[in-house]
Amino acid sequence: MFEFMATPMAVPSTARSNVSARDTRVESAAGASRSSKTTFSAATESRQRLYPSIGNPHYLVLAKRRQIFAEWIGQIAGDNLRVLDVGGRVQPYRPLLGIRVAQYVALDPVATEMVDLVGAGEQIPVESDLFDVVFCTQVLQLVDDPAVVIDEIYRVLRPGGSFLLSVPSSSPRFADSDGWRFLPPALRTLLRTFSHVIIMPEGGTISGFFRTINSYLYIFARRPLLTKALGFTLFPALNIAGLMLDRFSNGNDSYAVNYSVLAIK
Ligand SMILES: C[S@@+](CC[C@H](N)C(=O)[O-])C[C@H]1O[C@@H](n2cnc3c(N)ncnc32)[C@H](O)[C@@H]1O
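About the criteria used
- Residues numbered from 1 in each chain as written.
- Predicted model: local features only at pLDDT ≥ 70, side-chain atom pairs only at ≥ 80, totals over all residues.
- Helix = DSSP H or I, 4+ residues; strand = E, 2+ residues; numbered from the N terminus.
- Buried ≥ 20, exposed ≤ 12 C-beta atoms within 10 Å, placed from the backbone.
- Contact = placed C-beta atoms within 7 Å.
- Near = placed C-beta within 6 Å.
- Nonpolar A, V, L, I, M, F, W, Y, C, P; charged D, E, K, R; others polar.
- Axes fitted to C-alpha atoms, helices over the stretch in contact; angles between N-to-C directions.
- Parallel < 35°, antiparallel > 145°, perpendicular 65-115°, else oblique.
- Arc of directions from axis to C-beta.
- Pairing = 2+ DSSP bridges.
- Core = buried A, V, L, I, M, F, W, Y, C linked by C-beta atoms within 7 Å.
- Right-handed = clockwise from strand over helix to strand, strands pointing away.

1. Observations regarding the overall build of the protein chain
A count of helical and extended segments in the protein chain gives eight helices and seven strands. Taken across its 265 residues, the protein chain has 40% of its residues classed as buried. For the protein chain, long-range pairs separated by at least 24 residues make up 74% of all intrachain contacts whose partners lie at least 6 apart in sequence.

2. What to know about the site of the ligand
Around the ligand, a shell composed of 17 residues is seen, among which Gly-87, Arg-89, Ala-120, Gly-121 and Thr-137 lie nearest. Of the residues that constitute the shell around the ligand, the class distribution is nine nonpolar, four polar and four charged.

3. Some thoughts on the packing of helix H6 (residues 205-221) against helix H8 (residues 234-245)
The relative placement of two packed helices is expressed as an angle between their axes plus a distance between the axes. Where H6 meets H8, the closest approach of the two axes is 8 Å, and the angle between their N-to-C directions is 170°. Relative to H8, H6 is oriented roughly antiparallel. Mapping the contact onto sequence places Ile-206, Ser-207, Phe-210, Arg-211, Ile-213, Asn-214 and Leu-217 in H6 and Leu-234, Phe-235, Leu-238, Asn-239, Ala-241, Gly-242 and Leu-245 in H8. Partitioning the contact of H6 with H8 into residue classes produces nine nonpolar, four polar and one charged.

4. Considerations on helix H4 (residues 146-156)
Listed as buried for H4 are Pro-146, Val-149, Ile-150, Glu-152, Ile-153 and Val-156. For H4, the angular spread of the buried residues around the axis is 160°, confining them to a single face. Against strand E1 (81-86), strand E4 (131-137), strand E5 (157-168) and helix H5 (184-190) lie the buried residues of H4.

5. What about the sheet that holds strand E6 (residues 196-201)?
Strand order in the open sheet formed by seven strands is E3-E2-E1-E4-E5-E7-E6, with mixed pairing between adjacent strands. Only two strands of the sheet have a single partner each, and these edge strands are strand E3 (117-118) and E6. Inspection of the sheet shows E1 paired to E4 by three bridges, in the parallel sense. The residue of E4 that forms the bridge with Asp-85 is Phe-135. Relative to the sheet, helix H3 (residues 59-74) contacts E5, E6 and strand E7 (258-264), its axis offset from that of E7 by approximately 15°.

6. Observations concerning the nonpolar core
Judged by nonpolar contacts, the single largest core of 60 residues is most densely connected at Val-86, Val-134, Ile-153 and Val-156. No other element matches H3, which puts seven residues into this core.

7. Remarks on the environment of Val-118
For Val-118, the position within the fold is in strand E3. We classify Val-118 as partly exposed; it has 18 C-beta atoms within 10 Å. Once the C-alpha coordinates of Val-118 and Arg-89 are considered, the two residues, 29 residues apart in sequence, prove to be 9.7 Å apart.

8. Remarks on the pairing of E5
In terms of residue burial, E5 counts as a mostly covered element, since nine of its twelve residues are buried. For E4 and E5, the ladder comprises six bridges, and the chain directions are parallel. In the strand pairing of E5, Phe-135 is matched with Leu-164. Note on the crossover from E4 through H4 to E5: the handedness is right-handed.

Next comes the structure, spelled out in structure tokens:
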């Protein structure tokens, strides 16, 4: 397991099996059963973000993001990919790379069995031009200065490497540190050093409307039992309505609630 280092370090070039690396960490942890439980819940959370159920209040953006990311990842050339996940405590999009990963490094300020480097995206403790792919999904709204994180990601990405980003443009504040929302012009400014940038809304304006109602309900439900009940009733109904009616957005994304971005260095 990598430790946070104040000075840049080179991530060892030897390809390692992520499964065996993670197993080793779990086995060597002091409280084995607690560690396994933590890893299990992070893995479950990761799966639910990649394959959300129709009763998930965030289904509309999560399902769309999977579709967009799967297509972009399919266009990335090569095997033996070196991948960095900034804010990688949960790694929903890792399975989309399949067996093409030589090394997967998760950086997060919160240390768990899933995290390889404990640290922040503002100061990534690795050498420059190292990674083929960098993920940073639903993290940028939480950092102090998104431009600093983007510049660090640019630095550690190899020339021609792919940066997959997802950011909220409109959503309730889900955490105390939740300080930013992002729209396409600002994303283009933040990513101006990249040679090629594609910005895709995770659903159009109509999908955004239904996801917003779900977010409100989720916030006001408060009690777990009520949230659970909504997961069998209103959440799926609103998700299905959003799915079916979004075609009438006709490409209008003025109220898209989340964006996926592919930026090539
Ligand atoms: C909403 S979760 C997103 C997790 C995952 N990337 C996903 O898409 O599901 C945000 C993550 O970003 C991490 N985070 C917060 N501030 C960060 C920072 N400055 N640098 C890197 N990660 C950060 C949090 O600890 C958390 O794991």
